[in-house]
There are 2 protein chains.
Amino acid sequence: MCGMQSYPSYLLENAVNQLSKLPGIGKKTALRLALYLLKQDAQDVNNFAQAILLLKNEVKYCKVCKNIADTDVCQICSDASRQTDVVCVVETIKEVMLIENTGQYKGLYHVLGGVISPIDGVHPSDLEIESLVERVKAGGVKEVVMALSTTMEGDTTAYYIARKLADAPITLTTIARGVSVGDELQYADELTLGKSIVNRVPYTK
Amino acid sequence: MCGMQSYPSYLLENAVNQLSKLPGIGKKTALRLALYLLKQDAQDVNNFAQAILLLKNEVKYCKVCKNIADTDVCQICSDASRQTDVVCVVETIKEVMLIENTGQYKGLYHVLGGVISPIDGVHPSDLEIESLVERVKAGGVKEVVMALSTTMEGDTTAYYIARKLADAPITLTTIARGVSVGDELQYADELTLGKSIVNRVPYTK
């Protein structure tokens with residue numbers, strides 16, 4: 001199947017090429033997905049494509065925490081029952097969802113949009129670090145909890161943020177390293193992750 | 001990650017639900033794909049969605065062989081250099097692509113759209129069997145080669161077609177069983193598949 005080049009239709013070839021751009025989807029899987037879509041009702045395929053277009057074109061980013069939202073301020077930031085003086089710094093919205101699922105955290109978030117990684121061309125200015133510093137400076141934040149992956153890039157990012165917030169009158173904490181060092185946060189189980197956010201410890205450089 | 005229910009945005013949840021309808025794509029992978037798409041340029045995401053919509057709405061099926069095509073008659077059927085009196089019966093366009101890739105076959109095709117499988121609700125009338133019989137009756141076909149999977153359903157379909165074409169003045173052949181019995185055709189390597197179509201043998205009930 002490796003040498004498959006001759007598609008019977010340009011439209012099929014085009015769809016396969018587009019589908020195979022998705023991470024983890026090769027040409028063979030892309031062809032399977034394209035043929036699957038071709039078998040579905042036109043309305044279902046339309047809904048599928050519209051859902052993707054709507055996601056890209058209509059989704060908003062919360063003004064406060066930069067999380068994905070349907071409104072200017074996200075559900076979490078506008079939830080009056082939450083603790084507004086604790087801000088948990090995470091890489092992406094995946095980690096927000098993971099921590100929310102533990103049910104152990106009632107504060108707010110700040111979504112960086114990634115971690116510092118010069119090798120991948122990700123510099124501090126590409127991330128929501130400046131907006132975090134401004135948010136802390138604006139007052140009302142007593143604690144910043146860093147919940148970043150325990151990788152080189154995560155540690156570098158934590159260190160960079162710690163330096164940026166060195167003069168701020170806040171407690172800087174980091175989630176307990178219940179997550180084994182070197183592991184990515186998204187693969188931790190909920191129990192470990194829940195424990196690690198409850199047992200957070202002061203950040204030491 | 002199993003209990004992930006709380007999406008920060010309805011648009012994201014909707015996109016994840018749509019993506020997870022694809023075969024082999026679970027909720028976690030769908031979220032990864034959705035977040036990937038969210039990171040791409042608006043134009044790229046638009047091209048992605050349009051490719052899928054175009055495939056579904058604009059693709060044609062060849063009038064003659066029922067293969068996917070961009071025109072009323074597909075590339076293969078309209079290729080004057082091909083042998084028009086030999087018709088190879090296959091399940092789906094995947095098998096057309098596989099056999100084309102072997103470079104060993106110069107005849108035409110007839111795409112059934114599946115195999116008879118009452119357990120999956122696929123009956124002879126759901127397949128392009130009647131159109132095959134009519135195509136043979138119309139004349140000009142000397143040989144019908146059956147290239148169906150060597151499964152119960154494939155064998156049943158071959159038997160059904162053989163009965164339908166019993167009175168036709170044609171040679172009915174089936175690809176050599178170089179493909180081991182019980183295997184699905186799409187997993188055969190090109191060499192075996194190429195050999196099996198060259199060494200096709202008369203169909204015996």
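Quick notes on the rules
Residues numbered from 1 in each chain as written. Chains lettered and ligands numbered in written order. Predicted model: local features only at pLDDT ≥ 70, side-chain atom pairs only at ≥ 80, totals over all residues. Heavy atoms only, no water. Helix = DSSP H or I, 4+ residues; strand = E, 2+ residues; numbered from the N terminus. Rg over C-alpha atoms; globule rule 2.2 N^0.38 Å. Buried < 20%, exposed > 50% of the residue type's maximum accessible area, 1.4 Å probe, protein only. Areas by Shrake-Rupley, 256 points an atom, 1.4 Å probe, with all protein chains shown as cover. Least-squares fit on C-alpha atoms with pLDDT ≥ 70 in both. Contact = heavy atoms within 4.5 Å. Buried area = accessible area lost by both parts, 1.4 Å probe. Salt bridge = Lys/Arg side-chain N within 4 Å of Asp/Glu carboxyl O. Polar contact = N/O pair within 3.5 Å; in protein donor to acceptor, adjacent residues only side chain to side chain. Axes fitted to C-alpha atoms, helices over the stretch in contact; angles between N-to-C directions. Nonpolar A, V, L, I, M, F, W, Y, C, P; charged D, E, K, R; others polar.

Asks: For this particular structure, what's the right way to read the overall build of chain A?
Replies: Secondary structure assignment for chain A yields 7 helices and 7 strands. Relative to the globule expectation of 17 Å for 205 residues, the C-alpha radius of gyration of chain A, 21 Å, shows a markedly less compact shape. Projecting the C-alpha coordinates of chain A onto the three principal axes gives extents of approximately 65 × 35 × 35 Å. Evaluated residue by residue, chain A yields a buried proportion of 50% over its 205 residues. Counting only carbon and sulfur atoms, one obtains 50% of the accessible surface of chain A, whose full area is about 9900 Å².

Asks: Would you explain unusual backbone geometry in this entry?
Replies: Trans is the common state for peptide bonds, and a negative phi is the common state for residues other than glycine. The phi torsion at A:Lys66 lies on the positive side, around 70 degrees, for a residue other than glycine. Relative to the helices and strands, A:Lys66 resides in the loop between β1 (60-61) and β2 (68-69).

Asks: Help me understand the relation of the copies chain A and chain B in this model?
Replies: The relation between the two chain copies is a rotation about an axis coupled with a shift along that axis. Under the fitted operation, chain A is carried onto chain B by 0.0 Å of movement along the axis and a turn of 180 degrees, and the coordinates agree to an RMSD of 0.1 Å. A rotation of that kind, with that shift, is consistent with a two-fold axis. Among all C-alpha atoms of chain A, that of A:Ala49 lies closest to the rotation axis, at 2.5 Å. When you check the interface residues of chain A against chain B, 100% turn up at the interface there too, and the contact is symmetric in its surfaces.

Asks: How do you make sense of the interface of chain A and chain B when you look at a structure like this?
Replies: One frequent convention defines the size of an interface as the accessible area lost when the parts assemble. Taken together, the contact between chain A and chain B spans 63 residues of the former and 63 residues of the latter. Counting the surface lost from both chain A and chain B, the interface buries some 5700 Å², and carbon and sulfur atoms represent 70% of this. Sorting the residues of chain A by area buried against chain B places A:Leu38, A:Lys56 and A:Met97 first, and these three jointly supply 12% of that buried surface. If you look at where chain A meets chain B, you find 0 salt bridges.

Asks: So what exactly am I meant to see when it comes to the side chain of B:His110 here?
Replies: Residues and elements named next belong to chain B. If you trace the backbone, His 110 turns up in strand β4 (residues 108-111). Given a relative accessible area of 0%, His 110 falls into the buried group. A distance of 3.0 Å separates a polar side-chain atom of His 110 from the backbone oxygen of Glu 128. Here Arg 135 takes part through its side chain, which lies 3.0 Å from a polar atom of the side chain of His 110. The contacts of His 110, once residues within four sequence positions are left out, are Val 64, Cys 65, Lys 66, Val 87, Cys 88, Val 89, Val 90, Glu 128, Ser 131, Leu 132 and Arg 135.

Asks: It is not clear to me how the packing of helix α4 (residues 93-102) of chain A against helix α2 (residues 27-39) of chain B should be interpreted in this structure. Could you clarify?
Replies: The geometry of a pair of packed helices is captured by two quantities: the angle between their axes and the separation between those axes. As a packed pair, α4(A) and α2(B) sit with axes 11 Å apart at the nearest point and diverge in direction by 145 degrees. Contact residues: α4(A) offers A:Ile93, A:Lys94 and A:Met97, while α2(B) offers B:Leu31, B:Arg32 and B:Leu35. Of the residues assigned to the contact of α4(A) with α2(B), the class counts are 4 nonpolar, no polar and 2 charged.

Asks: Help me out: how do you make sense of the environment of B:Val96 in this one?
Replies: Residues and elements named next belong to chain B. Mapping Val 96 onto the fold places it in helix α4 (residues 93-102). Classification of Val 96 by relative accessible area gives buried; the value is 2%. In the structure, Val 96 is positioned 20 residues away from Ile 76 in sequence and 9.9 Å away in space, judged by C-alpha atoms. For Val 96, the contacting residues outside a window of four places in its chain are Asn 67, Ile 76, Val 90, Tyr 109 and Val 111.

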